[in-house]
Structures are given as structure tokens and as C-alpha cells.
Amino acid sequence: MNTKNPLLKEAYRLARTKRHEDAVLVLERVTAASQSDPYAFFLLAVEYLQSGAIGRMEPVLRRLRSIDQHYPPLIRLELFLFLKSAENAASALARYIDAMQRLPGDRHIARAVASIRRSVDFSAFQRNARLLDHVPIERPAKGRRPGGTALARSGRHRFSSKFMLLLAASLSLPAIFFLGFLYRDKLAGLFDRKTLGNSAEYEAIDMVTLDGSRTDLIDKIRRESARVFYYSNEEVVADFNNARTLLKNERHNDALVLINKILNSNAGFSVKERAEFLKKYTLTVEDRVYDAIAFEDVARHPYLYRGFAVEWRGRTANVKRKDGKLLFNLMLTTARGGVNTFSGIADVYCEKDVQGVSNGDAVVVRALFVDNPGGEHRPYLVANEVRVAGMELMKKQKP
């Protein structure tokens, strides 16, 4: 194992600064020169995952297994990939517990087991699980044998300053093109505004694209565990592109239905990463249109409407006030043939205690639909506005 390779240190630095495409370029050169370095192959597999090139991971993982199938970082990475595709918490736990027998005392695996056991909603835990929380990327270390936890540090040998400058210059050009995607989480924060008034704000949407020619966009095997099943790449690409178009047309609710459809489907990890970015983007928009979606539609497929801006009318029941907050049940009615008929119940939470709201009042609620934290089946609304008959519209104060 070459312990004096400055390119490996450079690749680690690029990975730490989230310049994943640049790190891939360097690591491909490193692994081509050294066919027995487990750390280099492990880091290349991680950077393929981080850059969305999941289809290129398997040959690297096969090579890594042939070098050392008991390599701890490899085991943690394969566990994370299984966690992301597991059908339920039980199957994920079984895999992690089996790994604990192979790596007794590994604190990262033990911590993951504890987190899975504590999770109330495994689907949410699975969706929100982050790579670096489960697969630590250690610094190239000195004096380790192949199969240890890290590669030996590159110590004495150094490139000339001219070479390093040329290397940095060559890597900076592709970094510019990929900057928008690699820093998608930070970009999402830029859109916490009341309007989307100029084309520059749509550039974030345009940066997140889906290549229909790739082979890893959908999983055609896990049909039972997916609420929505795509049969071809063309289907998932069409929904993804339609969602982007709807967002740019400020039809945020319609876009969310398609985004949630992808997030609850057999779409691949890279597709869901991009869909998750679009969802975060949508949820930061403040002046969204509230739609009077039918209660029956939400009750039938609640996973499609997470984050939906809904306007519902009904009467209050079980009104409670606590610490300046307002909670009540909304008894929804639907007009059919000139007659209002009962359609369902929603739980409503409002950050501000709207004065004048009491049991039996007719109200209009504008709110975001979220999962019910109590595990109940009825819809749970976080109210932004409450209007009581004969009263002025009262808006929720922002914290």
C-alpha cells in the first residue's frame, strides 16, 4: 500500500469540502495506480454515492470485497445501503445485529441499532438517514495495513508547488459546474422568501436534473415495499420533470404531489435525493396558494399530500389553549346538492392563540398538512391562518 500518495490526501480534502465530483476524478486516478488499497476504493465508492453515480459503485464494492471483505468501512457502507432499501425496521435491525457479530464493539453500528430501535416511524427514519451519520469517513492514517480502518498518511513526499497549483486549477473548472448541485442543502436556504420573482431563483431547480439514460433510476424488484411502483425510467423522469415545471409555474401543491409520489416509490436513491431537494425548496416558499383539496383524497393517500398547503372549512370542537398555543379538532363538511354533509375530522395546531375561537365556531383554516405525530390516522394541520365567521383574518405570527 502506498502510504506516501498526496493525491489521496487531496481526495480526502475534496470529499470533506463536498467537492465530490472533483474527488471522484482524483480517486479514479489513485485506484488505477494502486489496486490493493482498500481505503482508496472505499472513498471512491462513497464519492460515487455522494455525486449521484450509484450505478458506478458496484464494481468498486466488488473490488473492495476482493481486497478485504471484513474491512470495517466497507461493512458500514453496505449496511447503510441496505438500510436505505430495507422493507421494514425488523429487516434492517437483523442486518445490523448480524454485522455486530462480525465487528463486535463497533460504536457506529451499535449507535445505528439504537437509533433504529428508537424510531417511531421507520419510513421517516429511513428517508432522513444521512450517509455520514452511519458511515464515518476517516482521515488517511499512517502505518495501517490493508483491511484496517484507514490508509497510512502521506508524510514526507510532497509534490512541487507548481504541480499542486496546476492540479488545483484543473480541478476547479468542473467544480464550478457542479457547485449548484453539490451545495443543494445550502441553496435551499436561499429561497426562504415571500416571492419567487426572478429567473435567478429558478436556477436551483434547473440545476437538479435527471438523466433518463441511466440504469439505476428505479428498483424493479422491491414492489411490495413501495407505495408507488414505476415500471420504467421514462415514467419517473416524466414525473420529476413535470414537478420542476410546476414549481417554476408556482403550482407548488401540484408539484408536491408528484415529488411525494417519487419519494414513496421504488425510485433509486439518487432520484430521491433530487426529489428531496425539490421538496425542501417548495416548503421554504411562504406565499403559497392554499387549495381546497377534498378530504377523502387526503385520507386515502396521505403520503402524497405531505407539505400540501390546504384550505379547509368546518366547525371547531375540543378547543384547547396551552402556553399561548391553540389546538382543536376541525369537523369538515362538504357541500353536496346544496346540503353540507360531514366528511371527516382533522387535528389542528396553531402557534398563536387566535382570540374568539370557541367550540362550535364555523372557521376557515389555511394550513400545511403533515404526518400526525401521535400516529393517528386523521390529518394533522399546522395552521398558518385561521378565520372565524364575522372576524378579520388572523395570521399566525412567525417565531
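Residues numbered from 1 in each chain as written. Predicted model: local features only at pLDDT ≥ 70, side-chain atom pairs only at ≥ 80, totals over all residues. Heavy atoms only, no water.

Undergrad: Could you give an account of the overall build of the protein chain, with specific residues and numbers?
TA: When helices and strands are counted, the protein chain shows 16 helices and six strands. Residues counted as buried form 48% of the 399 residues belonging to the protein chain. Put simply, of all contacts in the protein chain between residues at least 6 apart along the chain, 61% involve residues at least 24 apart. Of the roughly 20,400 Å² of accessible surface on the protein chain, 52% is carried by carbon and sulfur atoms. (Helix = DSSP H or I, 4+ residues; strand = E, 2+ residues; numbered from the N terminus. Buried < 20%, exposed > 50% of the residue type's maximum accessible area, 1.4 Å probe, protein only. Contact = heavy atoms within 4.5 Å. Areas by Shrake-Rupley, 256 points an atom, 1.4 Å probe, with all protein chains shown as cover.)

Undergrad: An account of the pattern of salt bridges is requested, with residue identities and associated values reported.
TA: Side chains bearing opposite charge may pair, as long as their charged atoms lie close to each other. Under the counting rule described, the total for this entry stands at 14 salt bridges. Between Asp297 and Arg300 there is a salt bridge, and its shortest N-O distance comes to 3.2 Å. Of this pair, Asp297 and Arg300 both sit in helix α16 (residues 295–300), separated by three residues, roughly a single helical turn. Each of the salt bridges in this network shares a partner with another, and the network as a whole consists of Glu311, Arg313, Arg366 and Glu385. (Salt bridge = Lys/Arg side-chain N within 4 Å of Asp/Glu carboxyl O.)

Undergrad: Quick rundown of helix α2 (residues 20–33)? Include the residues and the values.
TA: With 14 residues, α2 should cover 20 Å at 1.5 Å per step; its first-to-last C-alpha distance of 20 Å lies within 8% of that length. Inspection of α2 places His20, Glu21, Asp22, Ala23, Val24, Val26, Leu27, Val30 and Thr31 among the buried residues, and these make up the whole buried set. (Expected span 1.5 Å × (residues − 1).)

Undergrad: I'd like a description of the pairing of strand β5 (residues 380–388), backed by residues and values.
TA: β5 sits mainly inside the fold: seven of its nine residues count as buried. In the sheet, strand β4 (residues 362–370) pairs with β5 via eight bridges, with the strands oriented antiparallel. In the sheet register, Val365 faces β5, and the bridge partner there is Val386. (Pairing = 2+ DSSP bridges.)

Undergrad: Could you give me a rundown of unusual backbone geometry, with the residues and numbers involved?
TA: Non-glycine residue Lys18 carries a positive phi angle of around 65°. Along the chain, Lys18 turns up in the loop between α1 (6–16) and α2. At Glu250, a position not held by glycine, the phi torsion is positive, near 60°. Residue position: Glu250 is located in the loop between α13 (233–248) and α14 (252–263). Look at Glu250 and you get partly exposed, because its relative accessible area is 40%.

Undergrad: Describe the confidence of the model for the protein chain, with residues and values.
TA: The predicted model of the protein chain has a mean per-residue pLDDT of 76, with 73% of residues at 70 or higher. A low-confidence stretch, residues 143–200 stays under pLDDT 50, and its non-local contacts, those more than four residues away or across chains, total 113 contacts. Throughout residues 392–399 the model reports pLDDT below 50, and contacts reaching past four residues in sequence, or to other chains, amount to 17 contacts. (pLDDT = per-residue confidence, 0-100.)

Undergrad: Tell me about the side chain of Asp68, and name the residues and values.
TA: Of note, Asp68 is situated in the loop between α4 (57–67) and α5 (72–85). Reaching out from Asp68, the side chain makes a polar contact with the backbone nitrogen of His70 at a distance of 2.9 Å. (Polar contact = N/O pair within 3.5 Å; in protein donor to acceptor, adjacent residues only side chain to side chain.)

Undergrad: Outline the environment of Leu132, listing residues and values.
TA: The topology assignment puts Leu132 in helix α9 (residues 131–134). Taking C-alpha positions, Leu132 is 9.7 Å from Phe80, a pair spaced 52 residues apart along the chain. Not counting chain neighbours up to four residues away, the residues in contact with Leu132 comprise Gln50 and Ile137.

Undergrad: Requested: an account of α14, with residues and values cited.
TA: The first and last C-alpha atoms of α14 sit 16 Å apart over 12 residues, in line with the 16 Å expected at 1.5 Å per residue. Burial of α14 is extensive: nine of the 12 residues sit out of reach of the surface. Along α14, the positions that sit buried rather than exposed are His252, Asn253, Ala255, Leu256, Leu258, Ile259, Asn260, Ile262 and Leu263.

Undergrad: Outline the packing of aromatic side chains, listing residues and values.
TA: Each aromatic ring pair is characterised by the separation of its centres together with the angle its planes make. With the rule as written, the count across this model stands at six aromatic pairs. Ring centres of Phe42 and Tyr71 lie 6.4 Å apart, and the angle between their planes is 80°; on these two criteria the pair is classed as edge-to-face. One end of the pair, Phe42, is in helix α3 (residues 38–50); the other, Tyr71, is in the loop between α4 and α5, with 29 residues separating them in the sequence. Each of the two residues, Phe42 as well as Tyr71, counts as buried. Plain terms: the ring middles of Phe80 and Phe269 are 6.4 Å apart, the flat faces sit at 85° to each other, and that makes the pair edge-to-face. Here Phe269 lies in helix α15 (residues 269–283) and Phe80 lies in helix α5, a separation of 189 residues in the sequence. Overall, the relative accessible area of 0% leaves Phe80 in the buried class. The exposure class assigned to Phe269 is partly exposed, which follows from its relative accessible area of 24%. (Phe/Tyr/Trp six-rings, centres within 6.5 Å; stacked < 30°, edge-to-face > 60°.)

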